[in-house]
There are 2 protein chains.
Amino acid sequence: MRVLIMGAAGMVGQKLLNRILSGESGIDSSSELYLHDIVSAHVPSGADGCSVLVGNVADPAEAKKLADLKPDLIFHLASIVSGEAELEFEKGWQINMSGAWSLLEALRVHHDQSGGSYRPKLIFTSSIAVFGAPFPARITDEFFCTPQTSYGAQKAIVELLLSDYSRKGFIDALSIRLPTICVRPGKPNLAASSFFSGIIREPLNGVEAILPVSDNVRHWHASPRSAARFLTHAATLDLDALGSRRALNMPGVSCTVAEQIEALRSVAGNDVVKLIKPQLDEQIVKIVAGWPRDFQTDRAHTFGFESETNFEQIIRIYLEDDLPTVS
Amino acid sequence: MRVLIMGAAGMVGQKLLNRILSGESGIDSSSELYLHDIVSAHVPSGADGCSVLVGNVADPAEAKKLADLKPDLIFHLASIVSGEAELEFEKGWQINMSGAWSLLEALRVHHDQSGGSYRPKLIFTSSIAVFGAPFPARITDEFFCTPQTSYGAQKAIVELLLSDYSRKGFIDALSIRLPTICVRPGKPNLAASSFFSGIIREPLNGVEAILPVSDNVRHWHASPRSAARFLTHAATLDLDALGSRRALNMPGVSCTVAEQIEALRSVAGNDVVKLIKPQLDEQIVKIVAGWPRDFQTDRAHTFGFESETNFEQIIRIYLEDDLPTVS
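Keep in mind it's a predicted model, so treat the numbers as computed, not measured.

Peer 1: Explanation requested: the overall build of chain A in the structure shown.
Peer 2: Of the regular secondary structure elements, chain A holds twelve helices and twelve strands. Taking 2.2 N^0.38 as the reference for a compact globule, 327 residues should give roughly 20 Å; the C-alpha atoms of chain A span a radius of gyration of 19 Å, in line with that estimate. Taking the principal axes of the C-alpha coordinates as reference, chain A spans close to 65 × 45 × 40 Å. Residues classed as buried in chain A amount to 52% of the 327 residues present.

Next comes the structure, spelled out in structure tokens:
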């Protein structure tokens, strides 16, 4: 099988790659793997059959090149994050929306040339940013999309494209709307949600972290491990069973920042928690006020998607998978 | 004021033009009017200040030309219909989606060049085709978009684009989701919904009409007169009062085909009704089964949009406004 990962250099892309290589994902670990990103994706030592491709998905010629590989399975994770898409309006639309459309058009050409037999499976990482306040207490599977960021609008549009290209039989796609991925390893990024990971990760590494919002802010989380599992689970599903509704809210853990902090205290103790320094940032407060807090993900559960069930589990996964070890 | 009507040669475009020219719309009837379409729009005799423009909105150069007019108010009605967009996939995406995006990009350039002072109002005719079955008994203002046609997906995407460009302050837009417009004057068109008008219009003109679905099919209608009123009412609203939710389901009349026929009987008598010939068309039956039946349009009413309240009124409006008179 030929598998293309777009956005393979990113954190979730790397988790996905490692999960496929582990042989535990249900995806043939001896597949030809094409790792595409704007920078060279890291290839784990000992991994055979990986080709590293570098290019910008906003360029239609690049999209065509990727479609010309005729992958059987495409994971489309390539995107700039919410903060960057707000600051760089044109870049966001070109990469996050137009790039996806160019890819779909190039895949459709191969579908037509094959007489209809080429119909790749495509799993797209959408986001809960497709939703915008005001919300019901829990967002159900039929709540409408009113994004309040360009990033959210771009994700919602790609969902609609994927649904229509799937309905026509050109591809076989599913958009999975990821919760905020927490605890992200590594450094803070430009996403306004970055602090949700920072207030756990930095203290666990002995570093102070700024908490820019009130601790009664409630939000929706899943671990990087869950993100990789959602992706591979989606790839092994019979997507036709989903009918024409090809976007799914993924399961997650709803908790307040205070509950996050209590989970950290119970896992790592008081001294670690003391490294969290509250310091309101009105800009971030305002952005986060428009974000979803809780979901009722019945449909995802029906199709076998499962996440952590409390925030302590999410912290323990960070400790197991990602905490930098002192060498 | 400079007003641009895109899709001005179409039936709704012409109704809109006449309403503006009537001086009853709240829009200055002495505005400079630019009438754009793929064919020359008809200009009513005696109408001054109308410029007729011909071109294809799918061409980015055409979109730029229209934006260069720097209209204060844009009515964007230009689109190919649902049936055609299903048959001609690429053409549908180019005209109905890409064309709108090109226009927005060209308007954004003028916004930037003006230092932010140029922010045109834009009213877009979206459609209830953004919704796809299964539905609740009545679709509320927060029901999600799951289009089951390319046309519906294209409309839903343009809605998302307009919301984001409005949120950023580049334009000031509203998408109005029109019910099926009934009774359309003139000839049947490629829309699968064409028969809803045909079974009223043809008999009233002494011609037989095919009814291709069961008479218990329920659907959502408004008159051409209402469509023009929705558009001009939208143009005179303070759209900022709508916040970030810039798509509105328009009011209409929910009735079954049997109720349509009874209304026709009561307006025009038995002999006219006898011209309706039931003849199932499985293709149309299948398409129509995925269509909305009824709406609860609270938000539209709050903002002052009103339609007919029963189907007899809709038929009488056809008789008043459109029935061809014998000369």
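Peer 1: So what exactly am I meant to see when it comes to helix 4 (residues 89–113) of chain B here?
Peer 2: Turn by turn, an α-helix covers 3.6 residues, leaving residues three or four places apart pointing in a common direction. Residues and elements named next belong to chain B. The end-to-end C-alpha separation of helix 4 is 35 Å, in line with the 36 Å expected for 25 residues at 1.5 Å each. The sharpest bend along helix 4 reaches about 35° and sits at Ser98. Phi turns positive, to about 70°, at Gly115, one or two residues after helix 4.

Peer 1: What's the story with the domain arrangement of chain A in this structure? I'm lost.
Peer 2: Bring the parts together and some accessible area is lost; that lost area is often taken as the interface size. All names here are of chain A. Domain assignment breaks chain A into domain 1 (2–179 + 223–249) and domain 2 (194–219 + 253–294 + 304–321). Centre-to-centre separation of domain 1 and domain 2, based on C-alpha positions: 27 Å. For the side of domain 1 that touches domain 2, the class distribution of residues is seven nonpolar, five polar and two charged.

Peer 1: How should I be thinking about the pairing of strand 5 (residues 121–127) of chain A in this particular structure?
Peer 2: Remember that side chains alternate between the two faces of the sheet whenever the strand is regular. Residue and element names in this part refer to chain A. Burial of strand 5 is extensive: seven of the seven residues sit out of reach of the surface. Where burial is concerned, the two faces of strand 5 agree: the one with Lys121, Ile123, Thr125 and Ser127 and the one with Leu122, Phe124 and Ser126 are both buried. One ladder, built from four bridges, connects strand 4 (residues 73–76) with strand 5; its direction is parallel. Paired with Phe75 across the bridge in strand 5 is Ile123. As paired strands, strand 5 and strand 6 (residues 172–178) are joined by seven bridges and run parallel to one another. Directly across from Ile123, in strand 6, lies its bridge partner Leu174.

Peer 1: Would you explain the nonpolar core in this entry?
Peer 2: Grouped burial of nonpolar side chains is what soluble globular proteins tend to show. Counting residues in each nonpolar core, the largest one holds 204 residues, and the members touching the most others are Ile5 of chain A together with Ile5 of chain B. Shared between two domains, this core holds at least three residues of each, these being domain 1 (2–179 + 223–249) and domain 2 (194–219 + 253–294 + 304–321) of chain A. Those residues in contact with Ile5 of chain B, other than ones at most four positions away along the chain, are Gly13, Leu16, Leu17, Leu33, Tyr34, Leu35, His36, Phe75 and Leu77 of chain B.

Peer 1: It is not clear to me how the interface of chain A and chain B should be interpreted in this structure. Could you clarify?
Peer 2: Counting residues at the interface gives 20 residues for chain A and 20 residues for chain B. Among the elements that make up the side of chain A that touches chain B, the one with the highest residue count is helix 5 (residues 150–167) of chain A (eight residues). Tallied by class, the residues present in the side of chain A that touches chain B amount to nine nonpolar, six polar and five charged.

Rules of the game
Along each chain, residues carry numbers from 1 onward, in the same order as the chain's sequence is written. Naming scheme: in the order in which they are written, chains are lettered from A and ligands are numbered from 1. For a predicted model such as this one, the threshold for reporting local features is a pLDDT of at least 70, and the threshold for listing and counting side-chain atom pairs is 80 or more; totals across whole chains, interfaces and linings nevertheless cover every residue. The helix and strand labels rest on DSSP assignments: H or I over at least four residues marks a helix, E over at least two residues marks a strand, and numbering proceeds from the N terminus. Radius of gyration: over C-alpha atoms. The globule rule applied is 2.2 Å multiplied by the number of residues raised to the 0.38 power. Neighbour counting defines burial: a residue surrounded by 20 or more other C-beta atoms within 10 Å of its own C-beta is buried, one with 12 or fewer is exposed, and intermediate counts give partly exposed, using backbone-placed C-beta atoms. Helix span, as expected, comes to 1.5 Å for every residue beyond the first. By definition, a residue's bend is the angle between the axes fitted to the seven residues ending there and the seven starting there. Delimitation of the domains relies on an automatic or database domain assignment. Any residue that is not Ala, Val, Leu, Ile, Met, Phe, Trp, Tyr, Cys, Pro, Asp, Glu, Lys or Arg is counted as polar, Gly included; the first ten are nonpolar and the last four charged. One bridge is not enough; two strands pair if DSSP finds at least two bridges between them. Nonpolar cores are built from buried Ala, Val, Leu, Ile, Met, Phe, Trp, Tyr and Cys residues. These are joined into a set through C-beta atoms within 7 Å. Note on contacts: residues are paired as contacts if their backbone-placed C-beta atoms lie within 7 Å.

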